[in-house]
Amino acid sequence: MTAFAEVTALSAYVDAVAGVRRRAGAYTTNLFVDPAAVERWILGGALRHAELEGTSLFLRRDRWFQHLYVSAPDPEALAAALARPEVAREGLLTVDLLGSQAAAGQLAVPFAANGFKPYATLRRMVRVAGAQGASEEASPAGTAAPEDVDAILGLLEASFDPLKEQLPSREDVASAVGAGQVLVARSGEALGGLLFFETTGLTSTLRYWLVAPGHRDRGIGAKLMRDYYRRCPAVKRFLLWVIDSNGDAITKYHHYGYSPDGLHDLVMITEGNPQ
Amino acid sequence: MKSVLEILNGIRPEFDFSTSQAFIADGMLDSFDLLTLVSELEAEYGIRIDGQAIVPENFVSIEAIEGLVRKSVRP
């Protein structure tokens, strides 16, 4: 028996969030989600909702676990909702808490009191177009083709921890490939590396950038990055999220002109074996 | 007192906010920027912006943000 019911329309999601906001004294949320993404989750039957203790809780199914999003009138109501057995019965949950380091730490209090443990911290980095960085001369990589979708997903799943990095579904990858937002470097039949991005108007987010094992130290990563910049001439702000403890990656991003902007994502998970 | 445009320029100096009527769709403000903007508007104008008013349509243009400021209450 579960309190969570499938969300079948975007309007139901919007109404649930707005209802909590109307009652809020100290509105508490980790819902910073693009409505288009919510619609994709609803269409895929991946989103469920429950209202417990005046708090809206949304669970999004992802591989072997679920992402938790909350919309609470205040931290006390959130803590009461998280303490309910209906939540504990849902298995492995992960939650992303966003804000300055201090704000994310404050948001974490009701979660820590209810069995969630810190799992990783990501920091956001930003690059303003024109900032000093690596050379941006054209060096085309190439956009991915529909037949690359499974190989792209396989590379992403082999390279990143989905509990930390919010990996895309197969449908998300196919959609990004269709939009020309996945660049690939080929090495014979194999993919030597990829760069997955998402552009909205003047802002572009670099979601994943990787070079496959066995293809490193050949300049593939640099080639992908240069091609990314070349394909985004109108973009003024480039963003990315990186694991705080990944010093090598942070050094590389600095090289390409990115610097931290003070926003953090504290990832917490419920107790138990992450995989 | 700073104008809304001056506050926006302080948050995202890389963009020209005077040329857009669709800040969200044009990628000039995201959800996280809205939180910063709300804090700065509240501090600058001595207002409290209601949680239910923090929706994208209230932040699409300078006129929309000025309207939000006018509707918000002084605590």
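Everything numeric in this text was worked out from a predicted model, so none of it was measured.

Trainee: Mind laying out the overall build of chain A, listing which residues take part and the relevant values?
Mentor: Across its full length, chain A carries ten helices and twelve strands. Relative to a compact globule of 275 residues, whose C-alpha radius of gyration would be 19 Å, chain A shows 20 Å and is just as compact. The principal-axis extent of the C-alpha atoms belonging to chain A is close to 55 × 35 × 35 Å. Partitioning the contacts of chain A with sequence separation of at least 6, the portion at a separation of at least 24 is 72%. Accessible surface for chain A amounts to roughly 12200 Å². Of this, 51% is attributable to carbon and sulfur atoms. Distance between charge centres in chain A, computed from 27 positive and 31 negative side chains, equals 4 Å.

Trainee: I'd like to hear about the interface of chain B and chain A, residue by residue, with values.
Mentor: Of the residues lining the interface, 18 residues belong to chain B; the matching set on chain A comes to 17 residues. Approximately 1400 Å² of surface area, both sides summed, lies buried where chain B meets chain A, with 58% of it carried by carbon and sulfur atoms. Together, Glu14, Phe32 and Gln52 of chain B form the three largest contributors to the area buried by chain B at its contact with chain A, with a combined 39%. Seen at the junction of chain B and chain A, the total is four salt bridges. Here Arg124 of chain A makes a salt bridge to Asp30 of chain B, at a shortest N to O gap of 3.1 Å. Along the lines of polarity and charge, the residues of the side of chain B that touches chain A split into eight nonpolar, four polar and six charged.

Trainee: Requested: an account of the packing of aromatic side chains, with residues and values cited.
Mentor: All names here are of chain A. Evaluation of the coordinates by the stated rule reveals 16 aromatic pairs over all chains. On the numbers, 5.2 Å between centres and 70° between planes, the contact of Trp64 with Phe65 is edge-to-face. Plain terms: the ring middles of Trp209 and Tyr256 are 5.7 Å apart, the flat faces sit at 85° to each other, and that makes the pair edge-to-face. Within this pair, whereas Trp209 is found in strand β10 (residues 203-211), its partner Tyr256 is found in the loop between α10 (247-255) and β12 (259-270), the two being separated by 47 residues in sequence. Cluster of aromatic residues (ring-pair linked, three or more members): Phe197, Tyr228, Tyr229 and Phe238. Between Arg127 and the ring centre of Tyr229, over which it is positioned, the NZ or CZ distance is 3.8 Å. Note that Lys164 overlies the ring of Tyr119, its terminal NZ or CZ placed 5.5 Å from the centroid.

Quick notes on the rules
Residues numbered from 1 in each chain as written. Chains lettered and ligands numbered in written order. Predicted model: local features only at pLDDT ≥ 70, side-chain atom pairs only at ≥ 80, totals over all residues. Heavy atoms only, no water. Helix = DSSP H or I, 4+ residues; strand = E, 2+ residues; numbered from the N terminus. Rg over C-alpha atoms; globule rule 2.2 N^0.38 Å. Contact = heavy atoms within 4.5 Å. Areas by Shrake-Rupley, 256 points an atom, 1.4 Å probe, with all protein chains shown as cover. Lys, Arg positive; Asp, Glu negative; His and termini not counted. Charge placed at Lys NZ, Arg CZ, Asp CG, Glu CD. Buried area = accessible area lost by both parts, 1.4 Å probe. Salt bridge = Lys/Arg side-chain N within 4 Å of Asp/Glu carboxyl O. Nonpolar A, V, L, I, M, F, W, Y, C, P; charged D, E, K, R; others polar. Phe/Tyr/Trp six-rings, centres within 6.5 Å; stacked < 30°, edge-to-face > 60°. Lys NZ or Arg CZ within 6 Å of the ring centre and 35° of its normal.

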